[in-house]
Protein chains: 2
Amino acid sequence: MPSTIRDIKERTGLSLATISKYLNGGNVLPENKEKIEEAIKELNYQVNEMARGLVTNKTRSIGVLVHNVASIFCGLLLRYIGDVLKDNGYSMIICDARDDEANQAESIQFLLSKKVDGIIVIPVADKGEFLKPAVSAKVPVVLLDRSLRNCDFDCVRINNREAAYKATNELLKNGHKKNAVIYSAHNYTGLQRYRGFLEALEDAGLTVEKDFDKPGFHSIEHGYESMKQLLALKNKPTGVFTTNYEVTLGAVMAVNESKYSCPEDISIMGFDNLILTHIVQPKMTMVVQPMKEMGQRAANLILKRIAEKDHEPPIEYILGTKIEKGNSIKKLK
Amino acid sequence: MPSTIRDIKERTGLSLATISKYLNGGNVLPENKEKIEEAIKELNYQVNEMARGLVTNKTRSIGVLVHNVASIFCGLLLRYIGDVLKDNGYSMIICDARDDEANQAESIQFLLSKKVDGIIVIPVADKGEFLKPAVSAKVPVVLLDRSLRNCDFDCVRINNREAAYKATNELLKNGHKKNAVIYSAHNYTGLQRYRGFLEALEDAGLTVEKDFDKPGFHSIEHGYESMKQLLALKNKPTGVFTTNYEVTLGAVMAVNESKYSCPEDISIMGFDNLILTHIVQPKMTMVVQPMKEMGQRAANLILKRIAEKDHEPPIEYILGTKIEKGNSIKKLK
DNA sequence: AAAGAAAAGCGAAACGGTTCGCTTGAGTTT
DNA sequence: AAACTCAAGCGAACCGTTTCGCTTTTCTTT
């Protein structure tokens, strides 16, 4: 039913090769160009991407594998990624790992079976084995937001350690000496932020108390439970560094439900300025990441890799963060 | 590099036709079946979906066009849709309309150019013109969450009018006579909820005051601004029905920033029990939708339509809602 | 004006599957 | 044992592009 390049051939009297050349941006006589364009318009012709793909071995689609599609953080990144891809004629096939490594590995296989030209991934954990099939299939991979242990892939992210260091200093500067940290112990990003926290304490001649050290999952629940435990301590911390969006959310919930309030009874340094910050009182002080740039860079990078013929060595784009000041940190004298 | 059906032919001595037959679930002698399976395993063979698609004219991909990919509501639906599609071997190509009708129309064209087998859409507005190209191309469409004016498509949604009616009654039952409503005036769902609100008032012998009637966009800003205006009135409402997640969020923000509090000074009846609502105090009373079922039904419905040879008349699945009680509504005597 | 270079066009062979219509052969019926 | 039935297998055509290697045309240069 839909018209093909052969219909255009009939209509213009030109050969398939010439028409194909035109379609792919090759040079054609102005006269013929006009003929072809007219035919395309009249026949409402659209290239059959499948036929093209069969020859070129390209699908013009990119797989995007996220750790959790229902998180607002991912949603935003998806928007920016999708924009760039669509503008370049690429479709975005999404897979959701639901924070599970087995799902994640299966999703990579799925994407490869769909013959995507490249994959952008926000990994669940810090291990990279699940990406081996992509490497064997020579499908380029770009990591986003989270790197991996012994990472040998392109990656777009922030300097997590430094950001955490700066954030912790914000607590220290305000006189907080008893600081807790709530973090994800299962991915590279979480661990790096934890290290930044420790380094800042160390440089200030402090250490973290055992009860104040809260590793766990990247989840609202973890933030919630940890903050509850912290508030129940006899010897409570005065400051808490919550190292990602979900954990910050959970921690705020816990404070809200308690008899304590922020920043009077407990100060919080948060992460990721998403909608949360606007609806809670007081306004949170937090580390903000350049989400838009992260998404766009990741998309552009994967497109670049696809276009390259040679296999270039991996690049890391490390973007800057800033601290947005609110009123969630009390100044201690 | 990757092996083809021809490699299997060499290895087994069978014909292409037979192997293809096996791949598509046809009957083959047990002996040959074994040979083929062995060859597939050893050669690590995977069907080339593009070659298959060229013949069958199917891509095994579904376009999902959402009004706003960064909303947590959409994110959740995407998760449930994606699960069903992947289990059936279909990939999910996502487009984000960014709440803009022009983007939405362009995205449909994009999806059609990608030759998706079907489209699931959460429309931006209540007009359906943008779907015409899909109809002409005979690509099935399933609407999700929001219907359209003069709708002639399959649709999976809740009974918005009834849900709003029940919700409003919750305010009325608690003695509220001065009720405001904040809603989206740009999509079918919002308008239906508004009607349900009006009907409930009417049945109680009440009407809505002009100042209490707040149409606008489906956005946090709209909820925020409207609530601010309501709180600034000399003659304030005692109850407010916020008819979607974003608007509820914004309204809560506005109350939090004001000198008033909920439910002492103003009662709120909200919509959509998503995670953010847990972080605000008091716990909200709200209408909850069966998100999982909505996503799954939509996905299964589109798959069913694709499988059907004849063009069956459209179906509407109208799912039930329930009210989750919190403490955001004060009992007036 | 002839020779040479560059640009544009062409035919045909891929790409990797599915499917149509026919042949083969085993099993069943009379 | 001949005739018939039915399952399984096969060859070849086809899906709609791209691309290779060649020919033709046009433009420069001397």
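Above this text you will find the structure in question.
Treat the numbers as computed from the prediction; the structure is a model and nothing was measured.

A. Focus on the pattern of salt bridges. Under the criterion given, the structure shown has 29 salt bridges over all chains. Linking D83 of chain A and R98 of chain B is a salt bridge whose minimum nitrogen-to-oxygen distance equals 3.1 Å. Here D83 of chain A, found in helix α5 (residues 72–87), pairs with R98 of chain B, found in the loop between β2 (91–96) and α6 (101–113), and the two come from separate chains. Taking relative accessible area as the criterion, D83 of chain A reaches 21% and is therefore assigned partly exposed. Two residues, K173 of chain A and E170 of chain A, come together in a salt bridge whose shortest N-O distance is 3.4 Å.

B. Main features of the packing of aromatic side chains. The tally for this structure, following the rule as stated, stands at six aromatic pairs over all chains. Here Y183 of chain B and Y194 of chain B contribute two aromatic rings whose centre-to-centre distance is 4.0 Å and whose plane-to-plane angle is 10°, an arrangement assigned as stacked. With Y183 of chain B in strand β6 (residues 179–184) and Y194 of chain B in helix α9 (residues 188–203), the pair connects residues that are eleven residues apart, well separated along the chain. A relative accessible area of 5% places Y183 of chain B in the buried class. Linked through ring pairs, F197, F241 and F271 of chain A together constitute an aromatic cluster.

C. Geometry of the protein's contact with DNA strand D. Close to DNA strand D lie 28 residues, the nearest being I5, R6 and S20 of chain A together with S15 and N32 of chain B. Put simply, 66% of the atoms of DNA strand D that lie within 4 Å of the protein are in sugar or phosphate. In this structure, a phosphate oxygen belonging to DNA strand D sits 2.8 Å away from a main-chain N or O atom of I5 of chain A. In the environment of DNA strand D, a phosphate oxygen lies 2.8 Å from a nitrogen or oxygen atom belonging to the side chain of R52 of chain A. Of all the secondary structure elements, the ones that give two or more residues to the surface near DNA strand D are α1 (5–12), α2 (16–23) and α4 (49–56) of chain A together with α2 (16–23) and α4 (49–56) of chain B. At five residues, α4 of chain A tops the list of elements feeding residues into the surface near DNA strand D. The residue makeup of the surface near DNA strand D, split by class, is 14 nonpolar, eleven polar and three charged.

D. Highlighting helix α9 (residues 188–203) of chain A. Residues and elements named next belong to chain A. The terminal C-alpha atoms of α9 lie 22 Å apart, and with 16 residues this matches the ideal 22 Å at 1.5 Å per residue to within 8%. Within the span of α9, buried status applies to T189, G190, Q192, R193, Y194, G196, F197, A200 and L201. Against the buried residues of α9 lie β5 (154–158), α8 (160–173), β6 (179–184), β7 (213–216), β8 (239–242) and β9 (267–271). At the N-terminal boundary of α9, the capping side chain belongs to N187, with an oxygen 3.2 Å from the backbone nitrogen of T189. A positive phi of about 75° marks G205, the residue just after α9.

E. Structural view of the protein's contact with DNA strand C. Taken together, 26 residues are adjacent to DNA strand C, and S15 and N32 of chain A together with I5, S20 and R52 of chain B come closest. At the protein interface, 63% of the atoms of DNA strand C within 4 Å belong to sugar or phosphate. A distance of 3.5 Å separates a phosphate oxygen of DNA strand C from a polar side-chain atom of N27 of chain A. Between a base nitrogen of DNA strand C and a main-chain N or O atom of A51 of chain B, the distance comes to 3.4 Å.

F. Molecular detail of the environment of D100 of chain A. Residues and elements named next belong to chain A. By the element assignment, D100 lies in the loop between β2 (91–96) and α6 (101–113). What makes D100 partly exposed here is its relative accessible area of 33%. The spacing of D100 and V124 is 24 residues in sequence and 6.6 Å in space, taken between C-alpha atoms.

G. View of the nonpolar core. Ranked by internal contacts, the top residues of the largest apolar core, which has 144 residues, are M227 of chain A together with M227 of chain B. Among residues more than four places away in sequence, those in contact with M227 of chain A are I182, V240, A251, A254, V255, I266 and I268 of chain A. Grouped together as the second largest cluster of nonpolar side chains are 44 residues, V139 of chain A together with F110, F130 and L148 of chain B included.

Cut-off values and rules
- Residues numbered from 1 in each chain as written.
- Chains lettered and ligands numbered in written order.
- Predicted model: local features only at pLDDT ≥ 70, side-chain atom pairs only at ≥ 80, totals over all residues.
- Heavy atoms only, no water.
- Salt bridge = Lys/Arg side-chain N within 4 Å of Asp/Glu carboxyl O.
- Helix = DSSP H or I, 4+ residues; strand = E, 2+ residues; numbered from the N terminus.
- Buried < 20%, exposed > 50% of the residue type's maximum accessible area, 1.4 Å probe, protein only.
- Phe/Tyr/Trp six-rings, centres within 6.5 Å; stacked < 30°, edge-to-face > 60°.
- Near = heavy atom within 4 Å.
- Polar contact = N/O pair within 3.5 Å; in protein donor to acceptor, adjacent residues only side chain to side chain.
- Nonpolar A, V, L, I, M, F, W, Y, C, P; charged D, E, K, R; others polar.
- Expected span 1.5 Å × (residues − 1).
- Contact = heavy atoms within 4.5 Å.
- Core = buried A, V, L, I, M, F, W, Y, C linked by side-chain atoms within 4.5 Å.

Keep in mind these numbers describe shape, not what the thing actually does.
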